[in-house]
Amino acid sequence: MITEPLPEDKFTFEHTYVAFDADNVMLEVGNVEKIYNYKSVTKPIAAWGILVAIAKGKFELDTPAGPEGSTFRHLLSHASGLPPEEGDPIAMPGRRRIYSNYGFDVMAKEAEKYLDVSIQDWIQQEVLDPLGMDSVRIVGTIAHSGTGCARCLVPFGREVLKPTLIPRELAEKAFQSQFAGIPGVTPGYGRSQNNPWGLGFSIRNPLEPHWTGNEFSNHVVGHFGMSGSFFYMDLSQGKGGAFLGTQDFNKDHIQHWPALADAMVRIDPEPTGQVDILYPSM
């Protein structure tokens, strides 16, 4: 396993990163057990909790939730029409991709109508505990309050590759663009005429700037956070990675993340063998 910083690592602040597949951890750089702010890397974890509730029959993807005409599907995929922060809707559901922290807060309240516990306790007992994500805490907003270490994102990534908490069919929906083809804005990267988003997961558009690089397939899902964090899963290659640091997201991340992510995803397990690819046809 590689533990020394990669040559493509140009960051001077304290940080850590990991690369892994379904069976191996190929890279651990820095203190992978140090607690960092996940910020919006919280969202895919919270979304998985919502998907567990759907799998358990608490409600459905298309159960009404949020503003009129919106459902859990809309809220998960930032297509409800709600603004980025608290306020009235600024678009009709399904028309625009408006990245909305507020939408996740609304989704939390809507989900709690069907649950016997708070959304935070639900995520703890239905996602974090079963996956052994012992360092991770989500005690506030499910949009961005998560904290935890880099190593704890490995079991979550493996859950994405080989779902155990939800049916595979539901996981596949999570990684498919919802309300495909609608325009939107990715914070930090700008406006796009086609802003694909799954159920709580950002989906890489290979035609637009992205925090992953050219070594990735077209089937990449994940998220990045304004704490300077990222989490990716390349579903075609069967590989994942995560980066956490002490410096908030800025132009240096935009500049250096793609090359570092490329170097991370190029790493194969030793001895080199077949990577177990779970979603080759997506």
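The preceding data block contains the structure.
Residues numbered from 1 in each chain as written. Predicted model: local features only at pLDDT ≥ 70, side-chain atom pairs only at ≥ 80, totals over all residues. Heavy atoms only, no water.

**Student:** Teacher, can you tell me more about the packing of aromatic side chains here?
**Tutor:** Any aromatic ring pair is given by two values, namely how distant the centres are and how the planes are angled relative to each other. Scanning the model with the defined rule gives 24 aromatic pairs in all. An angle of 15° between the planes, with centres 6.1 Å apart, marks the rings of Tyr17 and Phe243 as stacked. Taken as a pair, Tyr17 in strand β1 (residues 15-21) and Phe243 in strand β10 (residues 239-245) lie far apart in primary sequence, 226 residues in all. Here the aromatic rings of Phe59 and Phe72 are separated by 4.1 Å at their centres, their planes lie at 15°, and the arrangement is stacked. With a gap of 13 residues between them, Phe59 in the loop between α1 (42-55) and α2 (72-76) and Phe72 in helix α2 connect regions that are remote in the sequence. With a relative accessible area of 4%, Phe59 lands in the buried category. Its relative accessible area of 0% is what places Phe72 among the buried residues. By way of ring pairs, the aromatic residues Phe11, Phe13, Tyr17, Tyr189, Trp211, Phe216, Phe224, Phe230, Tyr232, Phe243, Phe249 and Trp257 are connected into one cluster. Of note, Lys34 hangs over the ring of Tyr36, and the distance from its end group to the ring centre comes to 5.7 Å. For the cation-ring pair, Lys43 lies above Phe104, with the distance from its terminal atom to the ring centre recorded as 5.7 Å. (Phe/Tyr/Trp six-rings, centres within 6.5 Å; stacked < 30°, edge-to-face > 60°. Helix = DSSP H or I, 4+ residues; strand = E, 2+ residues; numbered from the N terminus. Buried < 20%, exposed > 50% of the residue type's maximum accessible area, 1.4 Å probe, protein only. Lys NZ or Arg CZ within 6 Å of the ring centre and 35° of its normal.)

**Student:** Is there a simple way to explain the pairing of strand β9 (residues 229-234) in this structure?
**Tutor:** For a regular strand, the rule is simple: side chains alternate between the two faces of the sheet. Counting buried positions over the six residues of β9 gives six, a clear majority of the element. Burial of β9 is two-sided: the residues Ser229, Phe231 and Met233 facing one way and the residues Phe230, Tyr232 and Asp234 facing the other way are all buried. Sheet topology places strand β8 (residues 220-225) next to β9; six bridges connect them, and they run antiparallel. Bridge pairing in β9 links Val220 to Asp234. Between β8 and β9, which pair antiparallel in sequence order, lie three residues; one of them, Gly228, sits at a positive phi of approximately 80°. (Pairing = 2+ DSSP bridges.)

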